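Architecture and fold: a report
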Amino acid sequence: MSQRYTRIAIGLHWIMAIGFISMFCLGFYMQSLPFSPNKLQVYSWHKWAGVSLFLLALLRLVWRLSHPAPALPQSMTPFSQKLAHMGHYALYALMFAVPLSGWLMSSAMGFQTVWFGVLPLPDLIDRNKELANLLAATHGYLNIGFIALVAGHFLVALKHQFIDKDNLLARMK
Ligand code: HEM
């Protein structure tokens, strides 16, 4: 079995890493803006990018299911290998749950998403103010969980690189 991820898997990993980290920043920034046409425009960009990341997550999952990941280094204990797999499953789950909860919230608020201002996307659920508030809170909590997990993932990658020195990062380069 190859010791590296495929080029497509590596490309998707880094495009999505940049995409999600930028979206965490944009999401917090846009909430702080005063109500204005500019704020609505930024919300639209956030929604377009969120739907794009959701589609990339679908593509990535299909690719991953058809192209197994390289085996983890033998130097890792079975427990660390299990933790690594669980962390990756959770990252995949959140790559779907975060954009999907945003799309559901926007639908429940009654604001249709028009992808890049060109393609109107279906609303996933009917307008419902109470549900919209619940989904807004859910979207926020999922993002906080995602940020914590990505931070942990980043720190573990650094530990492999500088403490374990097992060259794990090279599999994703
Ligand atoms: C912030 C900098 C990041 C670094 C340095 C980093 C590093 C890595 C490395 C080295 C691997 C390979 C681990 C292995 O060989 O098994 C990996 C895998 C993975 N990363 Fe990241 N990553 C980062 C950000 C992200 C982000 C933001 C996400 C979520 C969108 C993410 C999701 C994943 C997933 C799901 C895997 C497992 C891939 C698979 O087995 O299909 N990473 N990452």
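In this text the structure is predicted, and so the values were computed from the model without any measurement.

Criteria and cut-off values
Residues numbered from 1 in each chain as written. Predicted model: local features only at pLDDT ≥ 70, side-chain atom pairs only at ≥ 80, totals over all residues. Heavy atoms only, no water. Helix = DSSP H or I, 4+ residues; strand = E, 2+ residues; numbered from the N terminus. Buried < 20%, exposed > 50% of the residue type's maximum accessible area, 1.4 Å probe, protein only. Donors = N, O, S within 2.8 Å, 3.2 Å for Na, K, Ca; no water. Tetrahedral: all angles 85-135°; square planar, octahedral: opposite > 155°, others 65-115°. Patch = residues over 30% accessible without salt bridge, like charges linked within 9 Å, V, L, I, M, F, W, Y side chains within 5 Å. Areas by Shrake-Rupley, 256 points an atom, 1.4 Å probe, with all protein chains shown as cover. Salt bridge = Lys/Arg side-chain N within 4 Å of Asp/Glu carboxyl O. Near = heavy atom within 4 Å. Polar contact = N/O pair within 3.5 Å; in protein donor to acceptor, adjacent residues only side chain to side chain. Nonpolar A, V, L, I, M, F, W, Y, C, P; charged D, E, K, R; others polar. Axes fitted to C-alpha atoms, helices over the stretch in contact; angles between N-to-C directions. Parallel < 35°, antiparallel > 145°, perpendicular 65-115°, else oblique. Left-handed = near helix turned anticlockwise from the far one by under 90°. Core = buried A, V, L, I, M, F, W, Y, C linked by side-chain atoms within 4.5 Å. Contact = heavy atoms within 4.5 Å.

Right, let's talk about unusual backbone geometry for a bit. One non-glycine residue with positive phi stands out, namely Lys165, at about 50 degrees. Mapping Lys165 onto the fold places it in the segment after α4 (129–164). Positive phi is not limited to glycine here, since Asn167 has a value of about 60 degrees. Its location among the elements puts Asn167 in the segment after α4. For Asn167, a relative accessible area of 47% gives the class partly exposed.

This part is about the coordination of the iron atom of the ligand. Listed as protein donors to the iron atom of the ligand are His13 (NE2) and His153 (NE2); their distances from the metal cover 2.0 Å. Viewed at the metal, the six donor atoms of the iron atom of the ligand are separated by angles of 86 to 179 degrees, and the geometry they form is octahedral. One end of the pair, His13, is in helix α1 (residues 7–31); the other, His153, is in helix α4, with 140 residues separating them in the sequence. On the accessibility criterion, His13 (13% relative accessible area) is buried. Residue His153 is classed as partly exposed on the basis of its relative accessible area of 32%.

Before going further, it helps to examine a nonpolar patch on the surface. Together, Phe154, Leu155, Leu158, Phe162 and Ile163 make up an exposed nonpolar region whose accessible area comes to about 560 Å². Along the polypeptide, Leu155 turns up in helix α4.

Moving on, we get to the site of the ligand. Around the ligand, the surrounding shell holds 23 residues, and the nearest of these are His13, Arg64, Tyr92, His153 and Arg171. Note that an oxygen atom of the ligand is positioned 2.9 Å from one of the side-chain N or O atoms of Tyr5. Here a nitrogen atom of the ligand sits 2.8 Å away from a polar atom, N or O, in the side chain of His13. Mapped onto the shell around the ligand, the elements with two or more residues apiece are α1, α2 (37–66), α3 (78–109) and α4. Classifying every residue of the shell around the ligand gives 17 nonpolar, three polar and three charged.

Running from N to C, α3 and α4 point in directions that differ by 155 degrees, and their axes come no closer than 8 Å. Between α3 and α4, the angle is such that the two are roughly antiparallel. The handedness of the crossing between α3 and α4 comes out as left-handed. The residue makeup of the contact of α3 with α4, split by class, is 18 nonpolar, eight polar and one charged.

Grouped together as the largest cluster of nonpolar side chains are 17 residues, with contacts concentrated most on Met16, Phe20, Leu53, Ala57, Met95, Trp103 and Phe146. Breaking this core down by element, the ones donating at least two residues are α1, α2 and α3. With seven residues, α3 is the single largest residue contributor to this core. Beyond its immediate sequence surroundings of up to four residues, Trp103 is in contact with Val51, Phe54, Thr113, Leu121, Pro122 and Leu124. The next biggest cluster of nonpolar side chains, apart from the first, holds five residues, and it includes Ala9, Ile10, Ala69 and Met172.

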